[in-house]
Amino acid sequence: MVQVTNVTLTNHRDSDKQMLPARGNHLCPPLKRTIDGPSSSEIALHHMGKKRLGEVLREKKHISAEALEKVLQEQQKTTGLLGEMLLQRGLVSKDDLVSALEEVGRFRYVDARYATVETAVLELIPRSAAVRYCVLPLVREGRKIVCVMAEPQNLRAIEDLRFMSGMDIAPRLGLRSEIQEAIEKVYAPPEPATEAEKLPFVEQVDISDMQFFTSSSSERNKAAIEEFEADLRRERTPAVRLVSAILAAAAAKKASDVHIEPQPLSTVVRIRVDGLLRELTHIPAELTSSLVSRVKILSDMDIAERRMPQDGRFLARIGNNNLDLRVSSLPTHDGEKIVMRLLDPAASRVGFTELGLSKEDAANLATLLAQPQGMLLVTGPTGSGKSTTLYSALNMLRSPGVNIITVEDPIEYKVEDCNQVQVNPKAGLTFANCLRSMLRQDPNIIMVGEIRDTETAEIALQAAQTGHLVLSTLHTNDSVSAITRLLDLNIPAFLIASSVSGIVGQRLVRKLCRCHDRVAVTSDYASRLLAAGIVEFEDTMCIPVGCSFCENSGYKGRVGIYELLILDEQIRGAIRSGHRDDEIRNLARSADMKIMQEDALEKVKAGVTSLEEVLRVVPFEYSSGTRCRTCGKTLAASFLFCPYCGAGTRQVAPGTRAPMPTRRATEGVV
């Protein structure tokens, strides 16, 4: 045996320094300039029909069947490798074991203790990664690094190393004990924790009660989740602790989204709470890459792909709360930006009144949903709570006697007793194609995540006419604008009038925190209410204050503001006749429809939210005027009766006397 007590570190390779001592008295041939190790695809194909190590050892009569069976039973209780256990117990010789391993895995063996190592490659694969994957980088060959690995068949480890180093990996076989001994010799001792690893933010967040799960069937992703949790328990990897701390802090603050945004000098982490982004922490630039990689591994994304956007998801349990996280990556100039959407499954089981619907609107909506056929549309901009409203409707409708099928992009919440379909355009599974197939599945209720094109709209509307209840969403400013949107999609007016039963328009506003205060009404506040058509209000108004509970924002949580347009015969006739939006809106208001602005102002008067918050979210261009029910003249929104015919406006029931404006309404207003 050749005895070498130290490992030569070289900055360059000469022809006489390419000999790698191997087992016994034999020497491995010089490493060639072209790597002859199997590629990742060859490894995967080879494992499909390879022999097992125990079978090879038995065929060569290196071990008895009884001894092998005994070790196999012991291995089931541990995480050790079979070959190492056999070697430790003296059941096989090293030469026999290495020969069998080479036959099984087709990897050339290298004794890591006596291998020549280039200093430059040690910088490409840091010590932490070498210890984690039990790998020793040897030399660089073009765009590849020759590495001795205890598990050269581990594709996930090879991909992580490739991503980390930016080069392909040519694996060689080595024994774990030899690789660990070589790592201690060639790498510098681990340095004390740097300032980047001593993040105060991580120390302030409790991450002891966190678990991660995957919805993927990939064994690779399941193994990644298990390793992530193991690193979290050992507290050895800063990136693992950082990801966990960010998610725990976001969940504690009831955030809906987490933004990880690389910048030239550092990375900013922001969270969206109650619809507004706020800064959570800053991350040192040296941790950005590992942080992003960890999130992508959890989400079952390709960590080596940094030039294309990707989507993924994973599950987390923080204490007693379960979270479903949708992850999106986007290449930017300074690096990959990551956004994680935090979905709480409990949010889909909220009732209509808890969402913010008035008792009257909740009852009318329940009546619409009780119909055997028709279409209910929920409208609003992105982030206005449309999906939550639809899921609440599904939870009310689901029962063992009803067949509910949904087509979504993506599936945000899992609903029991519902057959949910994920859109996959690359596979040809579009909204329109799904709808055609769903109609052959004998559905009672169909939910379409979003109507985006003419084909989807036509199929959905026709399904609503043929005995199905259809639920869907549209991106419009209010309920009446949904009719114009469908017309813009070239849907015939008669089909809209005969298919659509009702349209919900909604927004989300922040609720005042419990620390809010009541103060005397100011002249500016009174003027704003009068301009919005409110002529009677209290002497006091609610204003945000700020406390530790709401993090000094003055607001905590959100509530919906709604309008519900029910299509009666008069409105259906107006749609068929091609009437304008404002004419249809006036018809609906004459039928006692409460528009979104009125619902918002009622919540202001009730102290649920503030006028400033309502004005931030809700446009008031439609509340500036109304029409008389009797003569049809245009009136100011503040008019309680028509000056032309004397009839009461929408604020006064027909046949009753309109009250005169009170002193409160005009006090302090010029």
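Described in the following lines is the structure provided in the data block. (Residues numbered from 1 in each chain as written. Predicted model: local features only at pLDDT ≥ 70, side-chain atom pairs only at ≥ 80, totals over all residues. Heavy atoms only, no water.)

1. Some words on the overall build of the chain
- A count of helices and strands for the chain gives 26 helices and 23 strands.
- Evaluated residue by residue, the chain yields a buried proportion of 49% over its 670 residues.
- Accessible surface, the chain as shown: approximately 32400 Å² in total, 49% of it carbon and sulfur. (Helix = DSSP H or I, 4+ residues; strand = E, 2+ residues; numbered from the N terminus. Buried < 20%, exposed > 50% of the residue type's maximum accessible area, 1.4 Å probe, protein only. Areas by Shrake-Rupley, 256 points an atom, 1.4 Å probe, with all protein chains shown as cover.)

2. Examining the sheet that holds strand β5 (residues 168-173)
- Spatial ordering of the open sheet is given by β3-β4-β5, a layout of three strands whose pairing is mixed. Sheet topology places β3 (135-141) and β5 at the edges, where each strand pairs with a single neighbour. Shown here is a sheet whose adjacent strand axes are inclined to one another by a mean of 30°, direction ignored.
- Direction of pairing for strand β4 (residues 144-149) relative to β5: parallel, over a ladder of six bridges. Across the sheet, the residue bridging to Ile145 is Ile169, located in β5.
- Relative to the sheet, helix α8 (residues 155-165) contacts β3, β4 and β5, its axis offset from that of β5 by approximately 135°. (Pairing = 2+ DSSP bridges. Axes fitted to C-alpha atoms, helices over the stretch in contact; angles between N-to-C directions. Contact = heavy atoms within 4.5 Å.)

3. A closer look at the pattern of salt bridges
- Scanning all chains against the criterion turns up 29 salt bridges.
- When the shortest N-O distance is used, the salt bridge between Arg452 and Glu450 registers 3.2 Å.
- We classify Arg452 as partly exposed; its relative accessible area is 39%.
- Overlapping salt bridges bring together Lys594, Asp599, Glu602 and Lys603 as one network. (Salt bridge = Lys/Arg side-chain N within 4 Å of Asp/Glu carboxyl O.)

4. With respect to unusual backbone geometry
- The omega torsion of the bond from Asp409 to Pro410 falls at -5°, within 30 degrees of zero and hence cis.
- Located in the positive-phi region is Lys254, a residue other than glycine, with phi close to 60°.
- In this structure Lys254 comes out as exposed when scored by relative accessible area, which is 60%.
- One non-glycine residue, Asp300, lies in the positive phi region at around 65°.

5. Describing the packing of helix α22 (residues 569-576) against helix α23 (residues 581-590)
- Two elements in contact, α22 and α23, have axes whose closest approach is 10 Å; the angle formed by their N-to-C orientations is 175°. One finds that α22 runs roughly antiparallel with respect to α23. For the pair α22 and α23, the contacting residues are Gln570, Ile571, Ala574 and Ile575 in the first and Ile584, Leu587 and Ala588 in the second.
- Looking at the contact of α22 with α23 residue by residue, the classes come out as six nonpolar, one polar and no charged. (Parallel < 35°, antiparallel > 145°, perpendicular 65-115°, else oblique. Nonpolar A, V, L, I, M, F, W, Y, C, P; charged D, E, K, R; others polar.)

6. What to know about α22
- Taken together, the buried positions of α22 are Ile571, Arg572, Ala574 and Ile575. Down the axis of α22, the sector holding all buried residues measures 160°, keeping them to one side.
- The inward-facing, buried residues of α22 abut α19 (481-488), α20 (493-499), β18 (500-512), β21 (555-566) and α23.
- Just downstream of α22 lies Gly578, where phi reads positive at about 80°. (Arc of directions from axis to C-beta.)

7. Description of the packing of aromatic side chains
- Within the structure shown, the criterion is met by one aromatic pair.
- Between Tyr391 and Tyr413 the ring centres are 5.1 Å apart and the planes differ by 85°, which places this aromatic pair in the edge-to-face class. Separated by 22 residues along the polypeptide, Tyr391 in helix α16 (residues 386-397) and Tyr413 in the loop between β14 (404-408) and β15 (418-422) bring together distant segments of the chain. Here Tyr391 and Tyr413 have matching classes, each one buried. (Phe/Tyr/Trp six-rings, centres within 6.5 Å; stacked < 30°, edge-to-face > 60°.)

8. Some points on α23
- Three or more residues of α23 are buried, namely Ile584, Arg585, Asn586, Leu587, Ala588 and Arg589.
- Count one or two residues on from α23 and you reach Asp592, which has phi positive near 70°.

9. A short note on the pairing of β5
- Most of β5 sits out of view: five of its six residues are buried.
- Taken together, β4, α8 and β5 form a β-α-β motif whose crossover is right-handed. (Right-handed = clockwise from strand over helix to strand, strands pointing away.)

10. Some points on the packing of helix α17 (residues 431-438) against helix α18 (residues 454-465)
- Running from N to C, α17 and α18 cross one another at 20°; their axes reach a closest spacing of 8 Å. With respect to α18, the element α17 is oriented roughly parallel. Seen from above, α17 lies across α18 with left-handed handedness. Two secondary-structure elements touch here, α17 through Phe431, Ala432, Leu435 and Arg436 and α18 through Glu455, Thr456, Ile459 and Ala460.
- Residues of the contact of α17 with α18, tallied by class, amount to five nonpolar, one polar and two charged. (Left-handed = near helix turned anticlockwise from the far one by under 90°.)

11. A word on the sheet that holds β21
- Across the sheet, seven strands lie side by side as β15-β14-β16-β17-β13-β18-β21; this open sheet has mixed pairing. Of all the strands in the sheet, just β15 and β21 have a single pairing partner and so form its edges. Adjacent strand axes in the sheet meet at a mean angle of 20°, parallel and antiparallel pairs treated alike.
- Strand direction decides the pairing type here: strand β13 (residues 374-379) and β18, joined by five bridges, are parallel. Residue Leu377 lies in a different strand from β18, and its bridge partner there is Ile503.

12. Some points on the nonpolar core
- In terms of nonpolar packing, the biggest core is built from 42 residues, with Met375, Leu486 and Leu565 touching the most fellow members.
- A total of six residues in this core trace back to one element, the largest contributor, which is α18.
- In this view, Met375 contacts Ile451, Ala460, Leu461, Ala464, Val470, Ser499, Val500, Ser501 and Gly502; residues no more than four positions away in its chain are not counted.
- One finds Val205, Ala255, Leu280 and Val292 within the second-largest nonpolar core, a separate group that totals 35 residues. (Core = buried A, V, L, I, M, F, W, Y, C linked by side-chain atoms within 4.5 Å.)

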